[in-house]
There are 2 protein chains.
Amino acid sequence: LDEDDNEQIYRLVQPLHTADIADLFELTPRDDRGKLALALGDLMSADVLAEINDYVREDIIDALPAGQVADLAAQLETDDAVAIIEDLEEDEQRAVLDILGPEDRAAIENALSYPEESAGRIMQRDLVAAPETMTVGQLIDYLRVRSDLTTEFWEVFIVDPHYKPIGTCQLSWILRTPRSIPLGDVMKRDQSLIPVDLDQEEVALRFQKYSLISAAVVDDEGRLVGVITADDIAHIISEEAGEDILRLSGAGEGDINEPIIDSYKARVRWLVANLGTAMIASFIIAQFGAAISSMVALAVLMPIVASIGGNAGTQTLAVTVRALATNQLTQSNTIWAIKRELYVALSMGVSIAIIAGLGAGYFFTNPILGAVIAAAILCNIVIAGMSGVIIPVILDRLDQDPAVSSSIFVTMITDSMGFLLFLGLAVASNIV
Amino acid sequence: LDEDDNEQIYRLVQPLHTADIADLFELTPRDDRGKLALALGDLMSADVLAEINDYVREDIIDALPAGQVADLAAQLETDDAVAIIEDLEEDEQRAVLDILGPEDRAAIENALSYPEESAGRIMQRDLVAAPETMTVGQLIDYLRVRSDLTTEFWEVFIVDPHYKPIGTCQLSWILRTPRSIPLGDVMKRDQSLIPVDLDQEEVALRFQKYSLISAAVVDDEGRLVGVITADDIAHIISEEAGEDILRLSGAGEGDINEPIIDSYKARVRWLVANLGTAMIASFIIAQFGAAISSMVALAVLMPIVASIGGNAGTQTLAVTVRALATNQLTQSNTIWAIKRELYVALSMGVSIAIIAGLGAGYFFTNPILGAVIAAAILCNIVIAGMSGVIIPVILDRLDQDPAVSSSIFVTMITDSMGFLLFLGLAVASNIV
């Protein structure tokens, strides 16, 4: 790129798959992306654009005129075109939509009318539907002559006269059936219908649970309006599962291509909250100032109690958040899950308490100090385990995302209780 | 269940999808699972068994005689049967394999010969392959008469005489093409071939990247040996993405159905390591014993510096681990990513340092103490940000899983440096 040898670049990139070209853009420094797009010319296809990371795509689209964006969008399937257009500013959206043909425009405007991250945004409108009276032979003939139909489909949906799905035929079943058999005898009646306003996370869970390759999307009246396929779902599953780790650690979107200012805003909020919880812990320590100045060993040991508690809490939190996200933890087994974590916490607490207690008692030649830190660690690990499961469950019941704010609460509890238990027990045991 | 009314249970469960029956088992208390399996009789099908959580399945299989397990395994597709049998003990595996028919046994033994979590374990052996000279009409006729072929396939693989794949036909393309056309003219030559020993995480990434619905699996010599479909991949994507959060927090497998003893073992190891790092931090604090006993405010404030640093480190760590797992962070943009985190850390560090510095200076009416904590926080956040990106990248280069041990190192650094910076600066500034 530095040598401006566009021909050479074109030749190097030509054999690559569109997904690999998309990767190339993501790995190219920000300032060179426009230059690269220019050098690629017609290799910079709509499919490449569809597979690029959201943030990187914005950089490229900002550099392109609306007309070219519209051209690219028109070449895409509706779901991919929507993914590109929904990220544009209001006025850019208008400009692109105005240039599109009426059919594409209607399809994209319709998709944009559904809530963000709903089935309506990710579904594909091009599908093949047939009445149950049609025979296998008639269907095959119909598919061969109708050149305007999509060539990318995995199931034929069987619909009634009101266009409501009554069954589905995998293409393999159709291929294995003699021409004279009506589709009604080939189809499976039992199928997963996806409501058009269902959240994409729920859609992904259904695909996983029922091992779906594609599924019909229906509107409020139960009419067939689109289809979602497993390849559209793969990146949603990955995103949703990956989100939890980022939310739990307060890293916001956590995309390395996110602008620095957005990363700063998302993360600094979290650190300010953390500053607040740390101040509560400091306030507790301040109450024991006299004890600490007469026995510095307390200041030396107290971070251990808080740190171990925080770690145990994070472990339970991670397990609980994953179990909630995958629907493995529901109302019916909450009590059982809490008991389970209690047993794990008790056994870990006893082990760590013994090691830390013996170590501290020996090192400071003060067995009572050892007993105090052992008791504090045991209690704090149990408190950590209990809050690590109960807090996310409560947030989930209140329809809050348990990954987002649980860890602030859990850390606050394990820090404060860690200092309070250790310093309080030390004073109560008269060793100071 | 408590009333032992098996007929009632059967009636209630009968209308459910196999995946829902599997969920029911997972939500049933452990002791009642055997009883439920008994009550369900023939509803307790092989498909139900295949969809149940690994740990819950072990409970059920342990309760069933080997003969019945073999019956159930024989009804399943190879990949699902392998998933069940690979979890059994060696001698149970033998017992089940001995009962299976020779064909099923050979297929399963072959699958078990591939490494765990490789493509060979998750692939399906039943597939449809054809030579490129076959016409569409010949293929359809062949599919209609050969009743022993699988009915679940999404692509026809085109192979050469050595059974090496040379192209692939989606079934929709075949259905839309006249009978006389040879498959060689319908197929797409360019396809993603999966080596049979490829790790399942890599397989999942390829499915995501190239939006695959199914893909051919080839052996060392490039011969077609199986097929993997997107529905098998969905739960792998979810598992792999969810694993990172559990590993990063040291929660092991993190499955709520895991036996308590296994959870204990996985997690206590982590807490022991944490105890070790906390002791290093304590050792550093101990060096400043005189300073602390003459100025208790130091003991009150020092956990804030460590806590904020730990949090900032975890944020960067989560972002970096996700970026590595999704192949967004590679050798070519590491320097750029480190610079990016440096800017984010600097801007957060300045913000938090100002708030904490002003607060501490005002509260303890000691502006120098405020300046000391501000400087310590700024430095510690920058150190946290740098170690949060550099440590996982180094582990990744050394072919270690960056999610597993990064957070121990990062916490150790942010804790130790937090105390060292704050207490060291306090002593150096002569406020003590």
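Residues numbered from 1 in each chain as written. Chains lettered and ligands numbered in written order. Predicted model: local features only at pLDDT ≥ 70, side-chain atom pairs only at ≥ 80, totals over all residues. Heavy atoms only, no water.

Turning to unusual backbone geometry, a few remarks are in order. Phi at A:Asp399 takes a positive value of approximately 60°, unusual for a residue other than glycine. Relative to the elements of secondary structure, A:Asp399 occurs in the loop between helix H20 (367–397) and helix H21 (402–428). One non-glycine residue, B:Asn430, lies in positive phi territory at about 60°. Judged by relative accessible area, B:Asn430 falls into the exposed class, the value being 67%. (Helix = DSSP H or I, 4+ residues; strand = E, 2+ residues; numbered from the N terminus. Buried < 20%, exposed > 50% of the residue type's maximum accessible area, 1.4 Å probe, protein only.)

All names here are of chain A. If you check the domain split of chain A, you get domain 1 (6–117), domain 2 (129–230) and domain 3 (249–428). Here the C-alpha centre of domain 3 lies 46 Å away from the C-alpha centre of domain 1. Where domain 1 abuts domain 3, roughly 400 Å² becomes buried across the two surfaces, and 47% of that area is made up of carbon and sulfur atoms. Applying the counting rule to domain 1 against domain 3 returns zero salt bridges. (Domains from an automatic or database assignment. Buried area = accessible area lost by both parts, 1.4 Å probe. Salt bridge = Lys/Arg side-chain N within 4 Å of Asp/Glu carboxyl O.)

At the junction of the two partners, chain A supplies 115 residues and chain B supplies 115 residues. Across the chain A/chain B interface, buried area totals approximately 10,100 Å², and carbon plus sulfur atoms make up 66% of it. For chain A, the biggest contributors to the area lost against chain B are A:Leu175, A:Arg176 and A:Ile256; these three give 9% of the whole. Put simply, chain A and chain B have six salt bridges between them. As a salt-bridge pair, A:Lys209 and B:Asp23 come within 2.8 Å of each other at their nearest N and O atoms. Per-element accounting of the side of chain A that touches chain B gives the leading share, 17 residues, to helix H18 (residues 297–325) of chain A. (Contact = heavy atoms within 4.5 Å.)

This brings us to the nonpolar core. Core analysis: the largest hydrophobic core is formed by 90 residues, its most contacted members being A:Ile292, A:Ile377, A:Phe422, B:Ile292, B:Ile377 and B:Phe422. Ignoring anything within four residues of it in the chain, the contact list for B:Ile292 reads A:Ile292, A:Val296, A:Ala299, B:Ile285, B:Leu298, B:Ala299, B:Met302 and B:Leu423. (Core = buried A, V, L, I, M, F, W, Y, C linked by side-chain atoms within 4.5 Å.)

Our next topic: helix H5 (residues 54–63) of chain B. Listed in full, the buried residues belonging to H5(B) are B:Tyr55, B:Val56, B:Arg57, B:Ile60 and B:Ile61. On its buried face, H5(B) is in contact with helix H2 (18–27), helix H3 (33–40), helix H4 (46–51), helix H6 (66–75) and helix H7 (78–85) of chain B.

Moving on to the sheet that holds strand E2 (residues 155–159) of chain B. All names here are of chain B. Strand order in the open sheet made by the three strands is E1-E2-E3, with mixed pairing throughout. Of all the strands in the sheet, the pair left with one neighbour each is strand E1 (129–130) and strand E3 (165–170). For E2 and E3, the ladder comprises five bridges, and the chain directions are antiparallel. Paired with glutamate 155 across the strands is glutamine 170, a residue of E3. (Pairing = 2+ DSSP bridges.)

What follows deals with the environment of A:Ser307. Looking at the element boundaries, A:Ser307 is found in helix H18. Given the relative accessible area of 16%, A:Ser307 is considered buried. For the pair formed by A:Ser307 and A:Leu24, sequence separation is 283 residues and the distance between their alpha carbons is 42 Å. For A:Ser307, the contacting residues outside a window of four places in its chain are B:Asn274, B:Ala278 and B:Asp415.

Let us now look at the relation of the copies chain A and chain B. At an RMSD of 0.1 Å, chain A and chain B line up after a rotation of 180° and a shift of 0.1 Å along the axis. On this basis, the relationship between the two copies can be described by a two-fold rotation axis. Looking at the rotation axis and the C-alpha trace of chain A, the residue lying nearest is A:Ser293, at 2.0 Å. Interface overlap between copies: 100% of the residues of chain A at the interface are likewise at the interface in chain B, consistent with a symmetric, same-surface contact. (Least-squares fit on C-alpha atoms with pLDDT ≥ 70 in both.)

Our next topic: a nonpolar patch on the surface. Together, A:Ile260, B:Tyr343 and B:Leu346 line one region of the surface with nonpolar side chains, adding up to about 250 Å² of accessible area. Within the fold, B:Leu346 resides in helix H19 (residues 334–363). The partly exposed category is assigned to B:Leu346, whose relative accessible area is 36%. (Patch = residues over 30% accessible without salt bridge, like charges linked within 9 Å, V, L, I, M, F, W, Y side chains within 5 Å. Areas by Shrake-Rupley, 256 points an atom, 1.4 Å probe, with all protein chains shown as cover.)

Moving on, we come to the pairing of strand E6 (residues 224–229) of chain B. All names here are of chain B. Here E6 lies mainly inside the structure; five of its six residues are buried. Note: strand E5 (residues 214–218) against E6, five bridges, orientation antiparallel. Across the sheet, the residue bridging to valine 218 is leucine 224, located in E6. Counting the residues between successive antiparallel strands, the hairpin from E5 to E6 contains five residues, one of them, glycine 222, with a positive phi of roughly 85°.

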